[in-house]
Amino acid sequence: MHKKILMKKFKLLINHKDSRGVIIDLLEKKTINAITYITIKKNKVRGNHIHKKTTQWIFILDGKIKLFTKKKNQKIKTITLKKNDLLKNPPNEAHAFKAIRNSIFLVFTKGPRSGRDYEKDTFRLKKPLV
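Attention in this report is confined to the structure presented alongside it.

Thresholds applied
- Residues numbered from 1 in each chain as written.
- Predicted model: local features only at pLDDT ≥ 70, side-chain atom pairs only at ≥ 80, totals over all residues.
- Heavy atoms only, no water.
- Helix = DSSP H or I, 4+ residues; strand = E, 2+ residues; numbered from the N terminus.
- Rg over C-alpha atoms; globule rule 2.2 N^0.38 Å.
- Buried < 20%, exposed > 50% of the residue type's maximum accessible area, 1.4 Å probe, protein only.
- Pairing = 2+ DSSP bridges.
- Core = buried A, V, L, I, M, F, W, Y, C linked by side-chain atoms within 4.5 Å.
- Axes fitted to C-alpha atoms, helices over the stretch in contact; angles between N-to-C directions.
- Salt bridge = Lys/Arg side-chain N within 4 Å of Asp/Glu carboxyl O.
- Contact = heavy atoms within 4.5 Å.

1. Here we look at the overall build of the protein chain
Secondary structure summary: the protein chain contains zero helices and 12 strands in total. Secondary structure elements of the protein chain, listed N to C terminal, follow the sequence β-β-β-β-β-β-β-β-β-β-β-β. On C-alpha atoms alone, the protein chain measures out to a radius of gyration of 15 Å, which is about the 14 Å that the 2.2 N^0.38 rule sets for 130 residues. If one aligns the C-alpha atoms of the protein chain with their principal axes, the spans along those axes are about 50 × 35 × 35 Å. Per-residue burial over the protein chain gives 35% buried out of 130 residues.

Spelled out as structure tokens, the structure:
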């Protein structure tokens, strides 16, 4: 039996709230190799690649992005992400981002795709998703 792991959007829970504001844990009990700050301008595309060993969590700081994902032999799926959305993109899931508005997001990375190893687990798609 094959376990299907596809992109997963999380509902964030407030850990603490008082007159100063809120505290929300984005991730718990995860090993993170890098946190990357990314900007993307309206109507531009980033990604169109796949990681064979890397898991990524995408957290939208500002803006609005359409995420396209595809597992091998499956149809392309899309999801729209907006400010404060958190999404998990597992290994072997092709992905591309298209900005609906100028956007800023963080990528929390677990796996060999950070720093000098940035391209070691990044495989460009022959046929772009978008």
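2. Comments concerning the pairing of strand E11 (residues 103-110)
Counting buried residues in E11 gives six out of eight residues, a clear majority hidden from the surface. Pairing between strand E4 (residues 34-40) and E11: seven bridges, direction antiparallel. Within E11, the position partnered with Thr36 by the bridge is Val107. With seven bridges joining them, strand E6 (residues 55-62) and E11 adopt antiparallel strand pairing.

3. So, the nonpolar core
Listed in full, the 12 residues of the largest apolar core are Ile38, Ile40, Ile58, Ile60, Ile65, Leu67, Leu81, Leu87, Phe97, Ala99, Phe105 and Val107. The set of elements that each furnish at least two residues to this core consists of E4, E6, strand E7 (64-70), strand E10 (94-99) and E11.

4. Notes on the sheet that holds strand E1 (residues 8-10)
Read across the open sheet, the five strands follow the order E1-E9-E6-E11-E4; overall the sheet is antiparallel. On the outer flanks of this sheet lie E1 and E4, each paired with one strand and no other. Between one strand and the next, the sheet's axes are offset by a mean angle of 25°, whatever the strand orientation. With three bridges connecting them, E1 and strand E9 (residues 86-89) associate as antiparallel partners. When the sheet's bridge partners are listed, Lys8 is paired in E9 with Lys88.

5. Section: the pattern of salt bridges
Pairing between side chains of opposite charge can happen when their charged atoms approach one another. In this structure the tally under the stated criterion is four salt bridges. Of the charged contacts, one joins Asp18 and Arg20 as a salt bridge, the two residues approaching to 2.5 Å between their closest N and O atoms. Residue class for Asp18 comes out partly exposed when judged on its relative accessible area of 29%. Given the relative accessible area of 74%, Arg20 is considered exposed. Two residues, Glu119 and Arg124, come together in a salt bridge whose shortest N-O distance is 2.9 Å. The exposure class of Glu119 is partly exposed, given its relative accessible area of 42%.

6. Some remarks on the sheet that holds E10
What the five strands build is an open sheet, ordered E8-E7-E10-E5-E12; its pairing is antiparallel. Where the open sheet ends on each side, the last strands, each with one partner, are strand E8 (77-82) and strand E12 (123-124). Examined bridge by bridge, E7 and E8 share six bridges and lie antiparallel to one another. The residue bridging Thr69 from the neighbouring strand is Lys77, located in E8.

7. Notes on the side chain of Ser103
Relative to the assigned elements, Ser103 resides in strand E11. The residues contacting Ser103, other than those within four sequence positions of it, are Ile38, Thr39, Ile40, Asp62, Gly63, Lys64 and Ile65.

These results come straight from atomic positions and should not be treated as a statement about function.
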